[in-house]
Amino acid sequence: MYAAPERLRRTLDWIAPPVGTPIEAWRRRILAAMLLGVCVLGAFAYAVGVSAAIINGVASVIVVDSVVYGAIILLTLGNRLPYTLRASSLVVFPLLLGTFFLFNFGFTAAGFPWLLSFPIFASVLLGVRAGIWSVGVLSVLLVALGVSIPSNLMPWTASTPNAFLMWWVSSSTVVLLGALVAIAAGYLFDGLGREANARQAAELEADRRERLAALGTLTGGIAHDFNNLLQPILSDAEDARRMLPDDHAARARLDNILLSTSRARTLVRRILSFARPAQGNREIVDLGALALESERLIRAVLPPSVELRTTVQDAVHILAEPGELQQVLLNVVTNASQAMPDGGLITVTVSEQARRDVGDDAALSGADRVAVLTVTDTGVGMSRETLAHIFEPFFTTKRPGQGTGLGLATVHATITAIGGVVRAESRPGEGTRLTALLPTVSGPATGMSPAPAIATATLAAPATHVIVVDDEPAVLLTTARLLERLGYQVTRFSSPTELLRQFDALSPPPAALFTDLSMPSMSGWELASAVHLRAPQLPIVLMTGNLELEDDQTAQNSMITGILSKPFTSGELQAMLQRCLALR
C-alpha cells in the first residue's frame, strides 16, 4: 500500500537530494516535484501544442516547445548540477515562453499565464527577494511590449480591436496577481524555513543536552572512584617529598608524580564542569572591566608572535561568577592562539546591543538587551564540517597530547548555564569568530576582589581530636597520616555505623569530623545529620570528588561546615581545618 509513495519519494530524492538547511532541503524537494511534474504532465501539453502547430503550419512553436521541453528533461536528469543553476533555469523558462507567445500570438495563446508563473516560481525556488525582482522584470517587459503596440511591432496588433486597451488591462492584472502571490509565497516559505531551522536547532540542542547528561552521569559515576585513587598518590607523594632533603635525587621524581596528579585532578574537574556546570556565587559583573582586567593574565599564556587587542564599550553588566567568565576568556583565547602557529591577531570586543539586533533565540527571549562578547582570530579557520562539532566534548583537531577537546565544550556549558548563547563562524583560511550573547542586568557591578589568602598552618594542640570516616582504606590511611603529621589526634573509621556506635565514648571530644560523601552503608549526608543531632556545634566537612549541584545548595543551608574536593592537597586540608577550628 505504501510502495507507490515510497517510490515517489525516492525518485524526488534522486532528482534533487534534500540536503542543507531545512529551507534549502524544502526548496530542493519543491524543485524536484516541479521538474518531475513538468516531465510527466508536460508531455501531454507538449503533444497538444506541437499537434496544433503542425496543423496550423507554425514551425517556430514546434522548435520552441521542443527546445524548452528537452531542456527541462535535461535539468531533471542533471542531479549533479548546482541547485541555483537548475532553479534559475526553471524560473526563466516561463518568462521566455510567455514572451514568445505574447509577441507572436497575443491574447490567443498562453502568454499571460506563463508570465504569471514567472514571479511565483522565482519566489518559491529562490526566495522572496528573487520574487520581488522578477515582478520588476515582468513589469518592465510588459510596459516595453505595450508601448510598441501603436507601431504594430508585434504581428497580431493590427488585426486585434482595442489591442492597446486590452493589453494594459491584462498586463496590470497579471502584474498585480503575480506580485501578490509571489510575495505571499516567498514570505510563507521563508517563515516556514525559519521555523524549520529553529526546530532543527532545538532538536540538535536537545540531543546535545541528552548526550551531555548521559556523559555527566557516566563521569559522575567514575569521578568518585578515580579521585579516590588519586588521593593516596597525591598525599603520599607530598609526604615523601617533605621527608627528603632538598638535594635528594628522588625529589625530582616525586615532583613529576605531583605534577601528573595535579593534571589528572584538573582534567577530572574540567570534565565535571562541562558535564554539570556549577552555579557558583553569581553577582553583577561589568563584562568590559572583567575583560580588561583579564587581559594581563591572558597575555601571559600567549606566545610572543600573537597580538591581543581588547576593545570595550561603556559598562555592560551581566549576572555571572567572575572566575567562570575569566576561564571562558582564557579557554577561547588559548584555543584561538593555537590556531595561529605562525602568529597573528586576536581581538576581544565587548558591547551591548538590543536583542532584536542579534537574532532570535529562545534562551534570550526574556532579555531586552544583551551583552556581546566576541573573540576573533586571524588563524587557519575551520571547515563547515569541523565547525559543526567544536562544542562537542572531547572533539579536537589537535594532534594527540596537545588537547583534550574540553576547552570549547566547557565554554559552551558555562555560557549556557549563565543563560546565554554561543555562536561560532569560520571559513578555512579566514580565521574564526566566536560570539557569546548574555542577558544584561541593571544595578552596580561588584568589584573583582582578590582571592583571600590562606593563613599559615600551625601545628595543633595535642588534645585536638579529629575524626576521619572513609570506606576506602588507602584514602582513610593517607588522610589520617596527614592530620597526624600536623599534630592532630586522629581516630579513623571505615564505616559510618562504626562511628555512631562509638561516638559517645570518644575521648577527648572531637573537634572536627571529616567524612566521605559516597559510602555503601550510609551516605555522608546521613552521617552528618545523625552526628549533628548528638553534637550540634561539631564542624563537619564532606570529602567528595563528585559534588552535584543540589548537594552544593544543600550544603549552604545545612549543618555542613565545608566541602573538600578530592583529591586534596595538604595545604587545602590545613586551610579547611583552620576554618573548622575558627568556628569553635
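Residues numbered from 1 in each chain as written. Predicted model: local features only at pLDDT ≥ 70, side-chain atom pairs only at ≥ 80, totals over all residues. Heavy atoms only, no water.

J.: Explain the overall build of the protein chain residue by residue, including any values.
T.: The number of helices and strands found in the protein chain is 17 helices and 12 strands. Looking at the 584 residues of the protein chain, the share that counts as buried comes to 43%. Contacts spanning at least 24 positions in sequence make up 70% of the contacts within the protein chain whose residues lie at least 6 apart. A total of about 30100 Å² of accessible surface is found on the protein chain, and carbon and sulfur atoms cover 61% of it. (Helix = DSSP H or I, 4+ residues; strand = E, 2+ residues; numbered from the N terminus. Buried < 20%, exposed > 50% of the residue type's maximum accessible area, 1.4 Å probe, protein only. Contact = heavy atoms within 4.5 Å. Areas by Shrake-Rupley, 256 points an atom, 1.4 Å probe, with all protein chains shown as cover.)

J.: Could you give me a rundown of the sheet that holds strand S4 (residues 344–354), with the residues and numbers involved?
T.: One open sheet accounts for 5 strands, arranged S2-S4-S5-S7-S6; its pairing is mixed. The two strands at the open ends of the sheet, each matched to only one other strand, are strand S2 (306–312) and strand S6 (421–426). Between one strand and the next, the sheet's axes are offset by a mean angle of 15°, whatever the strand orientation. Relative to S4, S2 is paired through 7 bridges, and the arrangement is parallel. Across the sheet, Thr-310 pairs through a bridge with Val-348, a residue of S4. In this fold helix H9 (residues 287–301) packs onto S2, S4 and strand S5 (369–377), with an angle of close to 165° to the strand it touches most, S2. Across the sheet, helix H10 (residues 322–338) touches S2, S4, S5 and strand S7 (432–439), and the angle it forms with S4 is around 140°. (Pairing = 2+ DSSP bridges. Axes fitted to C-alpha atoms, helices over the stretch in contact; angles between N-to-C directions.)

J.: Could you give an account of the pairing of strand S10 (residues 512–516), naming the residues involved and the relevant values?
T.: Buried residues dominate S10, accounting for 5 of its 5 residues. Judged by which residues are buried, S10 turns out to be covered on both faces: Ala-512, Phe-514 and Asp-516 on one side and Leu-513 and Thr-515 on the other are all buried. In this structure, strand S8 (residues 465–469) lies alongside S10, joined through 4 bridges in parallel fashion. In the strand pairing of S10, Val-466 is matched with Ala-512. The β-α-β motif built from S10, the intervening helix H15 (residues 524–534) and the parallel element strand S11 (residues 540–544) has right-handed crossover chirality. (Right-handed = clockwise from strand over helix to strand, strands pointing away.)

J.: For the sheet that holds S8, give the residues involved together with the corresponding values.
T.: The 5 strands lie next to each other as S9-S8-S10-S11-S12, forming an open sheet whose pairing is parallel. Two strands close off the open sheet at either side, each with one partner strand: strand S9 (489–493) and strand S12 (562–565). Taken pair by pair, the neighbouring strands of this sheet meet at an average axis angle of 20°, ignoring direction. Across the sheet, helix H17 (residues 570–582) lies against S8, S10, S11 and S12, angled at about 170° from S12, the strand it touches most.

J.: Which residues make up helix H2 (residues 22–56), and what values go with them?
T.: An ideal rise of 1.5 Å per residue puts 51 Å on 35 residues; H2 measures up with 48 Å between its terminal C-alpha atoms. Positioned one or two residues after H2, Gly-57 has a phi angle of 70°, which is positive. (Expected span 1.5 Å × (residues − 1).)

J.: Explain the packing of helix H13 (residues 473–485) against H17 to me, using residue names and the numbers behind them.
T.: When two helices pack together, you describe them by how their axes are tilted relative to each other and by the distance separating the axes. Interaxial distance between H13 and H17 falls to 11 Å at its minimum, and their mutual angle equals 65°. Regarding the angle of H13 to H17, the classification is roughly perpendicular. Here the hand of the crossing between H13 and H17 comes out right-handed. In contact with Leu-482, Leu-483 and Arg-485 of H13, H17 contributes Ser-570, Leu-573 and Leu-577. In terms of residue class, the contact of H13 with H17 is made up of 4 nonpolar, 1 polar and 1 charged. (Parallel < 35°, antiparallel > 145°, perpendicular 65-115°, else oblique. Left-handed = near helix turned anticlockwise from the far one by under 90°. Nonpolar A, V, L, I, M, F, W, Y, C, P; charged D, E, K, R; others polar.)

J.: How would you summarise the environment of Leu-308 if you had to cite specific residues and measurements?
T.: Among the structural elements, Leu-308 can be located in strand S2. Sequence separation between Leu-308 and Asp-377 is 69 residues; the distance between their C-alpha atoms is 9.4 Å. Apart from residues no more than four positions distant in its own chain, Leu-308 is found in contact with Glu-295, Ile-298, Arg-299, Leu-302, Ile-346 and Val-348.

The values are spatial; any link to function lies outside them.
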